[in-house]
Amino acid sequence: MKKGIKFADPAGDYIELKDEIDAALLEGLEAGDYIRGKPVEKFEAAFAAYLGARHAVGVASGTDALALSLRALGIGPGHEVITSPNSFIATAFAIALAGAKPVFVDAREDTLNMDAGRLGPALSKKTRAIIPVHLFGQPADMDKILAFAKKHGLAVVEDACQAHGASFKNKKAGTLGDLSAFSFYPTKNLSAAGDAGAVVTNNAALARKVRALGGYGSLKKNIHAALGANSRLDTVQARILAIKLKRLDAWNKKRQKIAGIYDRILSERKKIRLTKIAPGRDSVYHLYVVRVRDRDRVMKILEKSGIPSMVHYPTPIHLQPAFKYLGYKAGDFPVAEQSAQTMISLPMHPRLETGQAEFIARQVLAAVGER
Ligand SMILES: *Cc1c(COP(=O)(O)O)cnc(C)c1O
């Protein structure tokens, strides 16, 4: 049938822009300014401007972007940070990395984003921040989350690692909280050729702190004011990111078009549950996730038709061995746990063809026994 369907296509982004990227990289290799410096500043300014934010600070990864944001806020040992159990594990690792304790609230059934209505019971005297995750490219319920944070004096750090270019009521994801974290891991909507990330904020003091913490705790040569990390963006990645940024909107539109095809063919089916996009939100479809019964069997059938699919993520964070010490158990977050058993991520990238998307959707229908 349809040949060569890829789940994601990181090399394809490069190949579309090969001439421009090759030239920029050669120039950069000869210039010898490999860490931070002008190309990094240029990308940071362009990325902040794209989002409509004041500051972007390049760091080594999305995980570091989250952890350094928390540290810049003064959050660490003895503090709690509320987040989602159905995210990539790095969201919770970043909290632990900063020295604080992750506390989870379950997801909403329809969007799979954080259920803001459940924040109350998660609050304690130690709570200092909330990390809403804009899961699969759809902004979380920021009005309710920001109102709750304001009422209780909490900071909000957006995990925008899957949401480059997404918007909430016409504001870009990553500009709504105190700080936000982006990852440029190779399969993200905006991607480096390796690990990279950025912190975005409108607060100049916080931006300075993040920059210092990512550069050995130093803003002035040989003065190390804080226990810093080595977490910096390099010029190779910055040059690639600056070039790809110009294509981000066009690539996101292509993802949205594929999502539209999936929606049209798969919606209102008894045996398939789609991920709802709530009013006022534009998803950039980092992933397109459906829920079906008998998920593993459906994935095997798809594989036989040459359709790669994945699960994001098969084990909720609170049930991962690394977080056993938190004392959570199965049954604590039913939506996260049930969705972990039924979710399938379908192929999604800017070069997926209309015909391929239609074929994939029809094979999903066949696999679940719908027509
Ligand atoms: C990718 C991702 C991260 C971590 O980013 P890295 O660059 O891999 O460290 C964190 N949170 C979410 C939701 C992600 O998708």
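*Asks:* Whenever I open this one, the site of the ligand confuses me. Can you help?
*Replies:* Close contacts around the ligand come from 13 residues, with Gly62, Thr63, Asp159, Ser183 and Lys188 the closest. Between an oxygen atom of the ligand and a side-chain N or O atom of Thr63, the distance comes to 2.5 Å. In the environment of the ligand, an oxygen atom lies 2.9 Å from a nitrogen or oxygen atom belonging to the side chain of Gln162. Calculation on the ligand without its partners gives an accessible area of 380 Å², and the protein chains cover 94% of this total. Elements that contribute at least two residues to the shell around the ligand include exactly helix H4 (62-72) and helix H5 (90-97). Here the shell around the ligand is composed, by residue class, of four nonpolar, seven polar and two charged.

*Asks:* What should I look at first to understand the sheet that holds strand S5 (residues 155-159) in this one?
*Replies:* In any sheet, the strands associate via hydrogen bonds between backbone groups, in a parallel or an antiparallel arrangement. Spatially, seven strands are ordered S1-S9-S8-S5-S4-S2-S3 in an open sheet, and the strand pairing comes out mixed. The open sheet has two edge strands with one neighbour each: strand S1 (55-59) and strand S3 (101-104). Taking each pair of neighbouring strands and ignoring which way they run, the sheet shows an average axis angle of 25°. Sheet topology places S1 next to strand S9 (residues 197-201); five bridges connect them, and they run antiparallel.

*Asks:* Hey, could you run me through the pairing of S9 in this one?
*Replies:* In summary, the side chains of a regular strand alternate between the two faces of the sheet. Most of S9 sits inside the fold, with five of its five residues counted as buried. Residues Gly197, Val199 and Thr201 point to one face of S9 and Ala198 and Val200 to the other, with burial holding for every one of them. Of the pairings in the sheet, the one linking strand S8 (residues 179-183) to S9 comprises four bridges and is antiparallel in character. Considered in S9, the bridge of Ser183 is made with Gly197.

*Asks:* Looking at this structure, I do not really get the domain arrangement of the protein. What am I missing?
*Replies:* Frequently, the measure chosen for interface size is the accessible area that the parts lose on association. Along its sequence, the protein is organised into domain 1 (10-105 + 113-245) and domain 2 (248-368). Taken over C-alpha atoms, the centre of domain 1 sits 24 Å from the centre of domain 2. Contact residues are listed per partner, giving 39 residues for domain 1 and 34 residues for domain 2. Between domain 1 and domain 2 the total buried area reaches about 3,100 Å² when both faces are included, carbon and sulfur atoms providing 60% of it. Interface area lost by domain 1 to domain 2 is led by Phe136, Gln138 and Asn189, which between them contribute 25%.

*Asks:* Can you walk me through H4 in this structure?
*Replies:* In an α-helix, one turn spans 3.6 residues; hence positions three or four apart end up facing the same way. Burial within H4 is extensive, with nine of its eleven residues counted as buried. The set of residues buried in H4 consists of Gly62, Asp64, Ala65, Leu66, Ala67, Leu68, Ser69, Leu70 and Ala72. Its side-chain oxygen 3.4 Å from the backbone nitrogen of Thr63, Ser61 forms the N-cap of H4.

*Asks:* Whenever I open this one, the sheet that holds strand S6 (residues 167-168) confuses me. Can you help?
*Replies:* Spatially, S7-S6-S11 is the arrangement adopted by the three strands of the open sheet, whose pairing is antiparallel. In this open sheet, the two strands that pair with only one neighbour each are strand S7 (171-172) and strand S11 (281-282). Across two bridges, S6 lies against S11 in antiparallel orientation. When the sheet's bridge partners are listed, Ser167 is paired in S11 with Asp282.

*Asks:* Is there a simple way to explain the side chain of Glu158 in this structure?
*Replies:* Mapped onto the secondary structure, Glu158 falls in strand S5. Excluding residues within four positions of it along the chain, Glu158 makes contact with Leu66, Pro132, His134, Met142, Ala173, Gly174, Thr175, Leu176, Gly177, Leu179, Ser180 and Ala181.

*Asks:* What is the right way to read the pattern of salt bridges from this model?
*Replies:* Oppositely charged side chains are able to pair whenever their charged atoms sit close together. Scanning the model with the defined rule gives 22 salt bridges in all. Linking Lys18 and Asp22 is a salt bridge whose minimum nitrogen-to-oxygen distance equals 2.7 Å. Linking Lys18 with Asp22, this pair stays in helix H2 (residues 18-31), spanning four residues, or about one helical turn. Here Arg211 and Glu44 are joined by a salt bridge, their closest N and O atoms 3.1 Å apart. With Arg211 in helix H8 (residues 204-214) and Glu44 in helix H3 (residues 38-51), the pair connects residues that are 167 residues apart, well separated along the chain. Among the residues examined, Arg211 registers a relative accessible area of 26% and is labelled partly exposed. A relative accessible area of 6% places Glu44 in the buried class. When salt bridges that share partners are traced, they join Lys6, Asp9, Asp13, Glu16, Arg247 and Arg351 into one network.

About the cut-offs
Residues numbered from 1 in each chain as written. Predicted model: local features only at pLDDT ≥ 70, side-chain atom pairs only at ≥ 80, totals over all residues. Heavy atoms only, no water. Near = heavy atom within 4 Å. Polar contact = N/O pair within 3.5 Å; in protein donor to acceptor, adjacent residues only side chain to side chain. Areas by Shrake-Rupley, 256 points an atom, 1.4 Å probe, with all protein chains shown as cover. Helix = DSSP H or I, 4+ residues; strand = E, 2+ residues; numbered from the N terminus. Nonpolar A, V, L, I, M, F, W, Y, C, P; charged D, E, K, R; others polar. Pairing = 2+ DSSP bridges. Axes fitted to C-alpha atoms, helices over the stretch in contact; angles between N-to-C directions. Buried < 20%, exposed > 50% of the residue type's maximum accessible area, 1.4 Å probe, protein only. Domains from an automatic or database assignment. Contact = heavy atoms within 4.5 Å. Buried area = accessible area lost by both parts, 1.4 Å probe. Salt bridge = Lys/Arg side-chain N within 4 Å of Asp/Glu carboxyl O.

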